[in-house]
There are 2 protein chains.
Amino acid sequence: MLKYSRQRESIKNFIMQRSDHPTAETVYMGIRKEYPHVSLGTVYRNLSLLAELGEIRKISVGDGPDRFDGNTSPHYHFFCKECGQVIDLAMDSIDHINVIASHRFGGRVEGSVTHFFGTCPECLAKEISSKSS
Amino acid sequence: MLKYSRQRESIKNFIMQRSDHPTAETVYMGIRKEYPHVSLGTVYRNLSLLAELGEIRKISVGDGPDRFDGNTSPHYHFFCKECGQVIDLAMDSIDHINVIASHRFGGRVEGSVTHFFGTCPECLAKEISSKSS
DNA sequence: CATATAATAGTAACTATTATCATTATTGGA
DNA sequence: TCCAATAATGATAATAGTTACTATTATATG
């Protein structure tokens with residue numbers, strides 16, 4: 001049975017009002033302003049719980065800490081190799097790749113995770129301006 | 001300047017003759033039969049080096065240890081939720097998703113990583129046979 | 001208001017991986 | 001073949017990220 005906790009509410013609010021996919025550490029730093037005695041364990045525990053409840057999404061990167069996303073609607077993520085930031089990618093659904101994967105496969109494809117990477121708009125602008133000068 | 005090492009050769013051979021995408025720990029256990037005093041650090045160092053050289057591929061899963069693949073030709077991986085094994089997925093290229101992602105995006109999409117998950121053929125067979133009985 | 005129990009803070013423990021460093025192995029030249 | 005230069009090693013410590021433990025506190029329910 002789930003009981004309310006102010007810390008959990010604060011954690012959820014923090015995630016919801018950000019669009020930069022913060023890490024557990026960032027959430028910890030952020031809510032310490034409101035709850036100076038909050039424990040990092042509490043942050044991890046609640047982030048996992050909220051993700052299980054489907055209220056937030058957990059983004060597992062290859063290396064580096066996991067990130068969390070308050071936007072649970074289907075969308076994709078772009079990882080910038082230059083600055084390391086993770087940004088949302090507005091694009092048409094590519095769910096058909098699951099059908100392609102199922103085609104000659106004897107198992108059951110239940111889903112897939114796709115991450116895009118490259119150079120983000122900001123870093124690309126910097127790159128172009130430094131080359132033209 | 002790169003120097004030969006028997007340990008590295010053994011590690012590479014081990015990876016090459018397997019198709020189950022072993023972890024560093026599995027490689028370590030495997031080559032200890034030939035080199036009982038090999039260090040886990042040596043295994044990690046060489047797996048990273050071989051991956052950098054493009055001789056093997058590193059597969060980063062969301063959670064759990066990284067896996068390594070001796071097959072460097074382009075292909076996809078399927079993660080079974082039931083038994084945890086990682087198997088190759090023979091399917092047509094889905095590189096066009098990078099074009100889709102680029103469409104309304106101001107940055108430069110240089111690539112993407114896609115992992116499929118669900119129930120593998122073996123686990124699916126078990127599931128069906130247990131239901132029909 | 002009392003009881004049951006979920007959640008917490010603080011901390012230890014854990015997993016996967018990387019770094020350090022003295023010693024050993026490999027390599028290319030005399 | 002020997003030697004010097006240096007890459008690689010084994011052993012171990014250190015690190016990052018996360019989970020587990022436990023006594024105490026907060027929440028919910030009758």
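Residues numbered from 1 in each chain as written. Chains lettered and ligands numbered in written order. Predicted model: local features only at pLDDT ≥ 70, side-chain atom pairs only at ≥ 80, totals over all residues. Heavy atoms only, no water.

## Details of the relation of the copies chain B and chain A
With an axial shift of 0.0 Å and an RMSD of 0.1 Å, the rotation relating chain B to chain A amounts to 180°. The transformation just described matches what one would write down for a two-fold rotation axis. Of the C-alpha atoms belonging to chain B, the one lying closest to the rotation axis is found on B:T114, 2.1 Å away. In this assembly the copies share their binding face: 100% of the residues contributing to the interface of chain B also contribute to that of chain A. (Least-squares fit on C-alpha atoms with pLDDT ≥ 70 in both. Contact = heavy atoms within 4.5 Å.)

## Observations regarding the pairing of strand β5 (residues 108-119) of chain B
By the bridge criterion, 11 bridges tie strand β5 (residues 108-119) of chain A to β5(B) in an arrangement that is antiparallel. Among the inter-strand pairings, A:F117 is bridged to a residue of β5(B), identified as B:G111. Across four bridges, strand β3 (residues 76-80) of chain B lies against β5(B) in parallel orientation. Its bridge partner being in β5(B), B:H77 is matched across the sheet by B:H115. (Pairing = 2+ DSSP bridges. Helix = DSSP H or I, 4+ residues; strand = E, 2+ residues; numbered from the N terminus.)

## Re the domain arrangement of chain A
Residues and elements named next belong to chain A. In terms of domains, chain A is made up of domain 1 (1-69) and domain 2 (74-133). For domain 1 versus domain 2, the separation of C-alpha centres amounts to 24 Å. In this assembly, eight residues from domain 1 lie in contact with nine residues from domain 2. Both sides of the domain 1 and domain 2 interface together cover about 630 Å² of buried area, and 52% of this is carbon and sulfur. Its largest share of buried area at the contact with domain 2, domain 1 owes to H21, R57 and I59, together 56% of the area lost on that side. Across the domain 1-domain 2 interface, the total number found is zero salt bridges. At the boundary of domain 1 and domain 2, one finds seven residue pairs in polar contact (both at pLDDT 80 or more). Of all elements in the fold, only β1 (57-59) and β2 (67-69) reach the threshold of two or more residues within the side of domain 1 that touches domain 2. (Domains from an automatic or database assignment. Buried area = accessible area lost by both parts, 1.4 Å probe. Salt bridge = Lys/Arg side-chain N within 4 Å of Asp/Glu carboxyl O. Polar contact = N/O pair within 3.5 Å; in protein donor to acceptor, adjacent residues only side chain to side chain.)

## Section: the packing of helix α2 (residues 24-31) of chain A against helix α3 (residues 40-52) of chain A
Residues and elements named next belong to chain A. In the contact formed by α2 and α3, the axes pass within 9 Å of each other and the chain directions differ by 120°. Put simply, α2 runs oblique to α3. Handedness of the α2/α3 crossing: right-handed. Residue-level inspection shows A24, E25, V27, Y28 and I31 of α2 in contact with α3, the latter providing L40, V43, Y44 and L47. (Axes fitted to C-alpha atoms, helices over the stretch in contact; angles between N-to-C directions. Parallel < 35°, antiparallel > 145°, perpendicular 65-115°, else oblique. Left-handed = near helix turned anticlockwise from the far one by under 90°.)

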